[in-house]
Amino acid sequence: VYQVFENVAKKYDVMNDSMTLGIHRVWKDILVHKMNPCPGTLLLDVAGGTGDIAFRFINYVRSVRQRQLQRKLKHHQNLSWQEIFESYQKDEFNPLGDSQVVVCDINREMLKVGKQKAQHLGYSEGLSWVLGNAEELPFDDDKFDVYTIAFGIRNVTRIDLALQEAYRVLKPGGRFLCLEFSHVSNPLLSRLYDLYSFQVIPVLGEVIAGDWRSYQYLVESIRQFPPQEELKAMIEDAGFFKVDYENLNFGIVAIHSGFKL
Amino acid sequence: PLRALHASAALGRASDEHRNEPLSSSSQQHFDSPPAGHQPEQQPQGPRPSYTGQGGQESEDYESEEQLQHRILTAALEFVPEHGWTAEAIAEGAKTLGLSVAAAGMFHSDGSELVLHFVSECNSKLCKLLEQEQKQVQLGEAEKKPVDEFLRDAVEARLRMLIPYIEKWPQALSVLLLPRNIPSSLNLLTSMIDDIWHYAGDQSTDFNWYTRRAVLTGIYNTTELVMMQDSSPGFEDTWRFLRNRVADAMTMSNTASQVQSTGEAVVQGLMGAAVTVSN
């Protein structure tokens, strides 16, 4: 798995766009929207290499924070000028409202690409980059508000261990969110999807990234991955409650959600 | 449903029984220690508030998801004046209970559950109040009120519960009117109206059941709307409006009973309607 992603790191984003025809951006947007984070949330994004989820999270929290500040200003009608000035100062220095993202990945190359992207796009604060294994996270218990793993969990050898680790590092009340390829139940769509996956994607892999084998692996690992209900049961086994999933695009992708209660 | 992983197997609650089956099948897939000892080993951290019945702790800590959600929503009400009926208020509520703000994700992001929870709580409070009053009458400690006074007091008591949240109440009303929420909100409204009539007792108002419900619903809804815009001290304008509406309803009812007996009562009925309209 490590080598697959070593090859793939630099071309990862380009390949994502071409394989999914850009829809992966929408899927990730939906994931963050579903999370609906409020300022002050601490997010752990596992297998988040190039930072897609992290950047979306920061954007979302920033805009929520701005709306919050605007609403606060509307209520500042009876304060003295001094107090208003002080609150401006305090809030200007806190555009994220203390929210933070820790991006954790097993692969150094992916993290490097992520850091470069962050710099390039101008994300400076609220981000941390940590090298780590999803099956054995280098974090203390009860630390994070939200744990996300987008298109990463199928690459984990022992999914149950990763789920247990997720449970461990989440605070009570914390949320687990998993965005992953899943099973299409509609038979017609399933056939079209299979056709696309096995014929088109490896070819794209060869043409764009010069690596047919990694993408062949990718497509096969998607087929091997447990379907929605099974993954839901596994998440429940790890101790999560209110586990549910939402199919996107008829099951091509599914978002699973659970709470540590 | 809550997985009763723990000692609660011994509690023998009906709801636990079907959950014990999936437990025994999943325990075969577990590489770790058997389920009974599973949870405590996983969470050895100190005195963390446990929302699920852990191995050693028995039924006092046992709480279903619904009960926990109930507690979060109740805690969230405190933050409604500041944040409105939103996921933010729910997040703040969760924080006061020691949970992560992400727990607000259990609910809809538009705050529907918070409003519905509040309305249902108010209705329960009203019921308790009316029941107490009824008991007092039965014990002879209080006099039985005439229907119009009873209705007035009941509606006023119920509407007074809105006062702490009155600024954000228009927002709550709009949430209750969302298509998704209409079945629930309608249900809550009708059951409250029914309760009020139930405690009002059967007086000879000569309305049939549907008419009574409709009349009181009309009175309640219109008074609620008036209350939204009322800036008089102690909402006295609202209570005056309420008094007038209840009086009109009584007039109409008296009129209706005469219609059944004499022909000229039709004229009186028209007169009553004209009076109502002119108010």
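Computed from a predicted structure; not experimentally measured.

Scoring rules and cut-offs
Residues numbered from 1 in each chain as written. Chains lettered and ligands numbered in written order. Predicted model: local features only at pLDDT ≥ 70, side-chain atom pairs only at ≥ 80, totals over all residues. Heavy atoms only, no water. Phe/Tyr/Trp six-rings, centres within 6.5 Å; stacked < 30°, edge-to-face > 60°. Lys NZ or Arg CZ within 6 Å of the ring centre and 35° of its normal. Helix = DSSP H or I, 4+ residues; strand = E, 2+ residues; numbered from the N terminus. Buried < 20%, exposed > 50% of the residue type's maximum accessible area, 1.4 Å probe, protein only. Arc of directions from axis to C-beta. Contact = heavy atoms within 4.5 Å. Domains from an automatic or database assignment. Buried area = accessible area lost by both parts, 1.4 Å probe. Core = buried A, V, L, I, M, F, W, Y, C linked by side-chain atoms within 4.5 Å. Pairing = 2+ DSSP bridges. Expected span 1.5 Å × (residues − 1). UniProt positions renumbered as here; feature names shortened; annotations may be inferred.

This part covers the packing of aromatic side chains. A complete count under the given rule lists 13 aromatic pairs over all chains for this structure. One residue, Arg 245 of chain B, lies across the ring of Phe 241 of chain B, its end atom 4.8 Å from the ring centre.

Attention shifts here to unusual backbone geometry. All names here are of chain A. Positive phi is not limited to glycine here, since Asp 142 has a value of about 55°. Mapped onto the elements of the fold, Asp 142 is located in the loop between β3 (127-131) and β4 (144-150). Here Asp 142 falls in the partly exposed class, since its relative accessible area comes to 22%. Positive phi values are uncommon outside glycine, yet Phe 250 reaches one of about 60°.

Residue and element names in this part refer to chain B. Those residues of helix α8 (residues 169-176) that fall on the buried side of the exposure criterion are Trp 169, Ala 172, Leu 173, Val 175 and Leu 176. The buried residues of α8 occupy one face: seen down the axis, they fall within an arc of 160°. Those residues of α8 that are buried are in contact with α6 (112-138), α9 (182-200) and α10 (209-228).

For the rest of this paragraph, the subject is the domain arrangement of chain B. Residues and elements named next belong to chain B. Segmenting chain B into domains produces domain 1 (64-109) and domain 2 (112-260). Taking only C-alpha atoms, the centre of domain 1 and the centre of domain 2 are 28 Å apart. Each partner contributes residues to the interface: domain 1 has 15 residues there, and domain 2 has 13 residues. In this assembly, domain 1 packs against domain 2 so that about 1400 Å² is buried in total across both faces, 68% of it on carbon and sulfur atoms. Contact with domain 2 buries area across many residues of domain 1, yet Leu 77, Trp 85 and His 108 alone supply 55% of it, more than any other trio.

Bringing the nonpolar core into the picture now. Residues and elements named next belong to chain B. One finds Ile 72, Trp 85, Leu 114 and Ile 196 to be the most contacted residues of the largest nonpolar core, which totals 64 residues. Elements that contribute at least two residues to this core include exactly α3 (65-77), α5 (87-96), α6, α7 (147-160), α8, α9, α10 and α11 (236-261). When residues of this core are assigned to domains, at least three map to each of domain 1 (64-109) and domain 2 (112-260). Sequence-distant contacts of Ile 72, defined by excluding residues within four places in its chain, comprise Ile 90, Gly 93, Ala 94, Leu 97, Leu 99, Ala 103, Met 106 and Phe 107.

All names here are of chain A. Most of strand β1 (residues 42-46) sits inside the fold, with five of its five residues counted as buried. The alternating pattern of β1 places Leu 42, Leu 44 and Val 46 on one face and Leu 43 and Asp 45 on the opposite face, and all of these are buried. Bridge analysis of β1 against β4 gives four bridges, and the strand direction is parallel. If you follow Asp 45 over to β4, its bridge partner there is Thr 148.

Helical geometry note: an α-helix holds 3.6 residues per turn, so side chains three or four residues apart project in the same direction. All names here are of chain B. In this model α6 runs 39 Å from its N-terminal to its C-terminal C-alpha over 27 residues, within 8% of the 39 Å that 1.5 Å per residue would give. Buried within α6 we find Ser 112, Leu 114, Val 115, Leu 116, His 117, Phe 118, Val 119, Cys 122, Asn 123, Leu 126 and Leu 130. Against the buried residues of α6 lie α3, α4 (80-83), α5, α7, α8 and α9. Just past α6, the residue Gly 140 takes up positive phi, approximately 85°.

Before going further, it helps to examine the UniProt feature "domain: Ubiquinone biosynthesis protein COQ9 HTH" (unreviewed entry) in chain B. When the UniProt feature table is mapped to this numbering, "domain: Ubiquinone biosynthesis protein COQ9 HTH" (unreviewed entry) covers residues 65-95 of chain B. Annotated as 84% helix and 0% strand, the span residues 65-95 of chain B places its first and last C-alpha atoms 17 Å apart.

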